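# Descriptive analysis of the structure
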Amino acid sequence: MKKTLKMAIAASVLTAPAMAANLENPLYIPATGEYYSKTGAGVMYKQTDHSAALEAKNWDGQEEFPIWRLSEDAGYGITDRLSVTAKLGYTNDEDILRKGLHNGRVGVLYRIFDGIESPFVWDVYADIHLGGATAMEATLIPVNGPSFGFNYDNYTNGRWGFFAGTRVGKTWDKFTGSVFGEIHQTFGNNNNVITISDGAKTLITAMLTPSIGAGLAGAYTAGLPADFNVDLKSTTEYMTGINGFYQLNDTWSLGSGFSVRHRATNTIEAVNLNNSSDLATLSGGAVTTEQITASLADGFIGSMYDGMDEYVLSFAVSHKLTNTMQVSLYGEYTFDDSDQKSQNGTDVKAEAGVRLNVAF
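Below is a short write-up of the structure. (Residues numbered from 1 in each chain as written. Predicted model: local features only at pLDDT ≥ 70, side-chain atom pairs only at ≥ 80, totals over all residues. Heavy atoms only, no water.)

This part covers helix α6 (residues 289-298). Along α6, the residues classified as buried are T289, I292, T293, L296 and A297. Along α6, the residues classed as buried sweep out an arc of 135 degrees about the axis, all on the same side. Those residues of α6 that are exposed and aimed more than 90 degrees away from the buried face are E290, S295 and D298. Where α6 is buried, its residues touch α3 (198-212), α4 (214-222), β14 (267-272) and α5 (279-282). (Buried < 20%, exposed > 50% of the residue type's maximum accessible area, 1.4 Å probe, protein only. Helix = DSSP H or I, 4+ residues; strand = E, 2+ residues; numbered from the N terminus. Arc of directions from axis to C-beta. Contact = heavy atoms within 4.5 Å.)

On to the pattern of salt bridges, then. Think of it this way: side chains of opposite charge can pair up when their charged atoms draw near. This structure, assessed with the given rule, holds 11 salt bridges. A salt bridge links R81 to D114; the shortest N-O distance between them is 3.4 Å. With R81 in the loop between β2 (63-77) and β3 (82-93) and D114 in strand β4 (residues 98-114), this residue pair connects regions lying 33 residues apart in the sequence. A single network of salt bridges, built from pairs that share partners, joins R105, D127 and E182. (Salt bridge = Lys/Arg side-chain N within 4 Å of Asp/Glu carboxyl O.)

For α4, the full list of buried residues reads L216, A217, Y220 and T221. All buried residues of α4 lie within an arc of 135 degrees about the axis, which places them on one face of the element. Of the exposed residues in α4, those oriented more than 90 degrees away from the buried face are A214, G215 and A222.

For the rest of this paragraph, the subject is the environment of T346. Among the structural elements, T346 can be located in strand β18 (residues 346-359). Among the residues examined, T346 registers a relative accessible area of 6% and is labelled buried. A distance of 2.5 Å separates a polar atom in the side chain of T346 from a polar atom in the side chain of D336. (Polar contact = N/O pair within 3.5 Å; in protein donor to acceptor, adjacent residues only side chain to side chain.)

Nothing here speaks to function; it is geometry throughout.
This is how it looks when you write it as structure tokens:
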């Protein structure tokens, strides 16, 4: 009888659906052979701040809504301690005609301490940053005054890189707390496409006319390409935060978090612009195309002054629908402090949405 009972218990454990752990727990990792997926859909509201870049574009203090946000966080347990992970995020902001992946990373996570044989859980992870998979796309435009600005068409910086991080936490009965920290390193390149707008060409002609005359200025502008690219410097960013989680009962749970992220300033090291006009012939050798191009490039080289710091508050309430499926309603509010030429600074930034979590 005892042997039969033990066999029945063992069979029930082996055949039970996979989602015994709560996927919203900040210390969750998949068991051996377990696959998990967290699919999110949300909507964001923004009111831009009054940075110099936004004021120059007459877009300071403007509302952007709705901004649609999609996310996917998936992974597979190679062992109970080692898993492979992937995170993707997509944003579509029709108010500024900007859309594309805002997050892309794949990597591995390893659990050093499991919290059972040790007083706490300790994980380390490393991810490849997929920003170089597609080019950064922007349009060069004139802004208030005799200067240039960019309209960004997507959210990638066009650079490959990596994340390296760690998290530590512990569970006390129904409550779990954790802290984490990570660095984000990107590697400089020229994987970007900057389209030259007609307005930018008109401004270039106007800027050159006083020094070389309208005829040569027009000839130079006529020789401009449709687009060009720039060499961007490598950057180092970091993020740290704290998370709390409470399991109310078998089906309901609450989660919250606070994180700080430093986004680095981008720096242009060189401008790669080829002009097909022959000013030396037109001017009798007094002016060359290369001289004008070098002079224009000097105005772009150096810091873009577009760095920022973000402070994110998050909250989620989750309900287990079945033993393998869970739904979470989440909300985030972001405070930020941006540099003078950043186009990402906000006075208000809030997002709400739903996540569907499955594990099997």
